[in-house]
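Topology and contacts: notes
Each chain, letter by letter, is given below.
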Number of protein chains: 2
Amino acid sequence: MAKNYSFLETGKVSAWGNKAFFKDQMGFTGMEFSLNTIPAGKGNDFVHSHKQNEEMYLVLSGNGIFYVDGEEFPVQEGSVVRVAPQAERAIAAGDEAIVYICVQATADSLTQYTMTDGVIVDTKASWMKL
Amino acid sequence: MAKNYSFLETGKVSAWGNKAFFKDQMGFTGMEFSLNTIPAGKGNDFVHSHKQNEEMYLVLSGNGIFYVDGEEFPVQEGSVVRVAPQAERAIAAGDEAIVYICVQATADSLTQYTMTDGVIVDTKASWMKL
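Now for a quick tour of the structure. Throughout this description, residue numbers start from 1 for each chain and increase along the sequence as written. For naming, the first written chain is A and the first written ligand is 1, with later ones following in the order written. The predicted origin of the model limits local features to residues at a pLDDT of at least 70 and limits the giving and counting of side-chain atom pairs to 80 or more, whereas totals for whole chains, interfaces and linings rest on all residues. Excluding hydrogens and water, the side-chain values take into account all heavy atoms of the structure.

1. Points about the interface of chain B and chain A
Selection criterion: The contact criterion used throughout is that any non-hydrogen atoms of two residues lie within 4.5 Å. Simply put, the buried area is the total loss of 1.4 Å probe accessible area from both parts when two parts are fitted together. Should a side-chain nitrogen of Lys or Arg be within 4 Å of a carboxyl oxygen of Asp or Glu, the pair is scored as a salt bridge. Throughout this entry, Asp, Glu, Lys and Arg are counted as charged residues, while Ala, Val, Leu, Ile, Met, Phe, Trp, Tyr, Cys and Pro are counted as nonpolar. The remaining residues, Gly among them, count as polar.
Between chain B and chain A, the contact holds 91 residues from the first and 91 residues from the second. Buried surface at the junction of chain B and chain A, summed over both partners, amounts to about 7800 Å²; 55% is from carbon and sulfur atoms. Ranking the residues of chain B by area buried against chain A places B:Tyr5, B:Arg82 and B:Trp127 at the top, with a combined share of 10%. Where chain B touches chain A, the interface holds two salt bridges. Looking at side-chain class alone, the side of chain B that touches chain A contains 43 nonpolar, 29 polar and 19 charged residues.

2. A closer look at the pairing of strand β10 (residues 98-106) of chain B
Residue and element names in this part refer to chain B. What counts, and what does not: Note on classification: 1.4 Å probe, protein chains only; a residue is buried when its accessible area is under 20% of the maximum for its type, exposed when over 50%, partly exposed between these limits. Helix and strand labels come from DSSP, where a helix needs a run of H or I of at least four residues and a strand needs a run of E of at least two; each type is numbered from the N terminus. Pairing between strands is defined by DSSP: at least two bridges between them are needed.
In terms of burial, β10 is a largely internal element, nine of the nine residues being buried. Side chains Ile 98, Tyr 100, Cys 102, Gln 104 and Thr 106 of β10 all project onto a buried face; the interleaved residues Val 99, Ile 101, Val 103 and Ala 105 project onto the opposite face, where all are buried too. Looking at chain direction, strand β3 (residues 32-38) and β10 are connected through seven bridges and run antiparallel. Bridge assignment links Phe 33 to a residue of β10, and that residue is Val 103. As defined by bridge partners, strand β5 (residues 53-61) adjoins β10 across eight bridges and the pair is classed as antiparallel. Bridge pairing links Glu 54 to Ala 105 in β10.

3. Quick look at the pattern of salt bridges
The final tally for this structure, using the stated rule, is six salt bridges over all chains. The residue A:Asp24 makes a salt bridge to A:Lys23 at a minimum N-O spacing of 3.9 Å. The salt bridge partner of B:Glu55 is B:Arg89, with a shortest N-O separation of 2.6 Å. Of this pair, B:Glu55 sits in strand β5 while B:Arg89 sits in strand β9 (residues 89-93), and the two are 34 residues apart along the sequence. Among the residues examined, B:Glu55 registers a relative accessible area of 3% and is labelled buried. The buried category is assigned to B:Arg89, whose relative accessible area is 0%.

If you want it as structure tokens, here you go:
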């Protein structure tokens, strides 16, 4: 496997386990991310904040409740929540198990992105040669 | 909506559009991320690399082919690919549409994470008081 990338099969989303982190396993240097499932009727045992990392939650199936800074709101498939480091947050499943990913990255660390960071190269993948 | 967070409903994963970016819309400062769908039999029109951002691809449904630095391999639901900035990469759908997210963050920018960056606070969400 080339050092420029790493690849992992995590299986069907519906079969993901309780929580798995991937930074160290895959060699990420700019982000940590986790795949998470909380069974129906259960939730995080504690509220937490962060020192310097922003978090992004993306719900992939099921439903639940998101707590942030004293507010609570329902989340479901397709819900995205951005949380600043200092925000106090927690998540719980509703009447279905909730499956979500969480990505953390250093707040204020992204200086350029997409069109300003990407470079189109001349190399062609197989499907571009057809 | 408190400034410490932002919230968005993107709808069912299976109904996501071609490509949507969320950094500016939601106020992310440490990452950019996109939701993507490529129809069956189609693929990126070009190969690209990045100047300073690492990318993470997570496939949520369907199947396809991932190209990186002259290699190609199949991807499917649950496949995760980490790509260093300089890697040349592209993705195509296979015989089904492929739905995936892509997150970019500045390579080498994450200095602490998870247990070293998280802080458990005394606040309780509603389900912790039951």
